[in-house]
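Observations on the model geometry
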Amino acid sequence: MWISRKMAVGATALVAASAAAGAAGTSLVSGDEASAKNGGRGLWHVYDQTLAHARYIDLTHTITPGMPVWKGFGPATFGPSVDPATGKPYTYAKDGFEATAYHLATDQFGTQLDPPAHWAPEYPAIDEVPATYAVRPLVVISIVPQVEKDPTYALQVSDIRAWEKRNGRIPRGSVVMVRSDWSKKWTDDPVKAKALAADPSFPGVSLAALEFLHLRRHILFHGHEPLDTDTTPTLEGEAWLMHHGYAQAEGVTNLEGVPETGCLVTIGYPKFKGGLGGYARYVAICPPGTTNGERISDRDAPLPKSSTPLHWDASLGYRVR
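Just so it is clear, the structure is predicted and the values come from calculations on it, not from any experiment.

A short note on the overall build of the chain
Secondary structure summary: the chain contains nine helices and 17 strands in total. Counting every position in the chain, which comprises 321 residues, the buried fraction comes to 43%. For the chain, the share of sequence-separated contacts (at least 6 apart) that also reach a separation of at least 24 residues comes to 75%.

Here's what the structure looks like:
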C-alpha cells in the first residue's frame, strides 16, 4: 500500500516529528545535532533509501497561450524577449542566448495553487503560503465511474467514506486529489480551449465533501482537474474554502497514473508578491513498482542534447523542436 516500508516509516516519522514540534511550539533538534544522530547525513538517508528509487509523475499541464482559461481573464501571448536598446529579439546566433516574454492576463492560469486571498483579502496571498506546503502525503479519490454517468457529478462524503473503507483513514495534513479524467479534454487549440472553458458541464467537489475533508480529516488542501471547484451558481465550494482560509489546486492532470494511496506530492510555484493565483508544478512521488512515471537517472544531469533545436513557431506562439 505504501511506497515501501522504508518510505512509510521515514516519511511518517518526518511528518509526525514536525507536527509534534509545531504543536508544542518548539523546533526540532538543530541541524548539527540531527546530522550527528544520522551518521552526519541528516535527511539524506530518506533520499538515498526511498526517493532515489521512486517513480515521479508530473501532475501539471504545460502552459501555452491557447490553453483553457476563464473568458473573464482573456488570452495570453508569448513572444521573444526584445533588447530595449535595439527593439529586436535576442538570438542565439547574434547574442548567444534567447529569452521569452510572457504576457499573461491572469495568475489564475493552467495548473495552479489557489490561495485564499483570491476571494478573501484577509487571508494569505501566494507569497504568504508557508514553505511547509512543499511535500505532503497524497491521496487520490476517483469519481470516474460516476462522471461517466453524470458529467456534472461532484465528490460526495459517501465517496470519501468508501475510499477510507478500502484504504484506511485519510492522513491528517495530506493533499487529496479528486480524479475525474476531465483533464483528458484539455487542449492547446485556442478555439477548442475557449469552448472547453465555457462548458458549464464539468465534475466537481461538493461543499459537504470539502467540509468533511477539512473539518473532519484536517487535510492541507484538495485538488481537482477542472478550472472550477463546482457547478453551483455561486461556486459555493470555492467560496467556502477561500473565506475559511483554505487553498486548493486546480487544473491538475495525469491522476490516472497515480495510485490512490502511498504517494507523496511535491508542490512548487512562483512567489509573486501579493499574488492571487499560483502557476504551480505538482509532482507525485510514487512507489518504485508504480507503472507510470520516471525514475531518477544519470540522464538528469547533464540533460540530454536534442538533434532538433528549439525554434520560434509564429503560428503557435511559442518555441518548438
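Moving on, there is more to tell.
Overview of the confidence of the model for the chain
Atom-level detail of predicted coordinates should not be read off regions where pLDDT is low. Averaged over all residues, the pLDDT of the chain is 91; the fraction at 70 or higher stands at 88%. Scored below 50 in pLDDT, residues 1–29 shows 31 contacts in the model against residues more than four places distant or in partner chains.

Focus on the sheet that holds strand β6 (residues 112–114)
Strand order in the open sheet formed by nine strands is β1-β15-β13-β7-β9-β11-β12-β6-β14, and the pairing between neighbours is mixed. A single partner strand is all that each edge strand has here, and the edge strands are β1 (55–58) and β14 (278–279). Two elements, strand β11 (residues 221–224) and strand β12 (residues 248–250), share two bridges in a ladder whose sense is parallel. When the bridges of β12 are listed, Gly 223 appears paired with Ala 249.

Looking at helix α6 (residues 157–167)
All of the buried residues in α6 are Asp 159, Ile 160, Trp 163, Glu 164 and Asn 167. Buried positions in α6, seen along its axis, are confined to an arc of 135 degrees and lie on one side of it. On its buried side, α6 packs onto β7 (135–142), α5 (144–149), β8 (154–155) and α8 (207–216). Residue Gly 168 follows α6 closely and has a positive phi angle near 95 degrees.

Here's the deal with the nonpolar core
Ranked by size, the top nonpolar core spans 24 residues in total, and within it Leu 59, Leu 113, Leu 138, Phe 221, Val 258 and Tyr 282 carry the most contacts. Taken together, the elements giving at least two residues each to this core come down to β7, β9 (175–179), β13 (263–268) and β15 (281–286). In this structure, Leu 138 is in contact with Leu 59, Val 175, Met 177, Val 258, Glu 260, Cys 263, Leu 264, Val 265 and Ala 284, ignoring residues within four places of it in sequence. If you look at the next biggest cluster of nonpolar residues, it comprises 21 residues, including Ile 170, Phe 212, Ile 219 and Met 242.

A short note on the packing of α6 against α8
Taken N-terminus to C-terminus, the directions of α6 and α8 make an angle of 50 degrees; their axes are 8 Å apart at the nearest point. Between α6 and α8, the angle falls in the class oblique. For the pair α6 and α8, the contacting residues are Val 157, Ile 160, Arg 161 and Glu 164 in the first and Ala 208, Ala 209, Phe 212, Leu 213 and Arg 216 in the second. Of the residues that constitute the contact of α6 with α8, the class distribution is six nonpolar, no polar and three charged.

Analysis parameters
- Residues numbered from 1 in each chain as written.
- Predicted model: local features only at pLDDT ≥ 70, side-chain atom pairs only at ≥ 80, totals over all residues.
- Heavy atoms only, no water.
- Helix = DSSP H or I, 4+ residues; strand = E, 2+ residues; numbered from the N terminus.
- Buried < 20%, exposed > 50% of the residue type's maximum accessible area, 1.4 Å probe, protein only.
- Contact = heavy atoms within 4.5 Å.
- pLDDT = per-residue confidence, 0-100.
- Pairing = 2+ DSSP bridges.
- Arc of directions from axis to C-beta.
- Core = buried A, V, L, I, M, F, W, Y, C linked by side-chain atoms within 4.5 Å.
- Axes fitted to C-alpha atoms, helices over the stretch in contact; angles between N-to-C directions.
- Parallel < 35°, antiparallel > 145°, perpendicular 65-115°, else oblique.
- Nonpolar A, V, L, I, M, F, W, Y, C, P; charged D, E, K, R; others polar.

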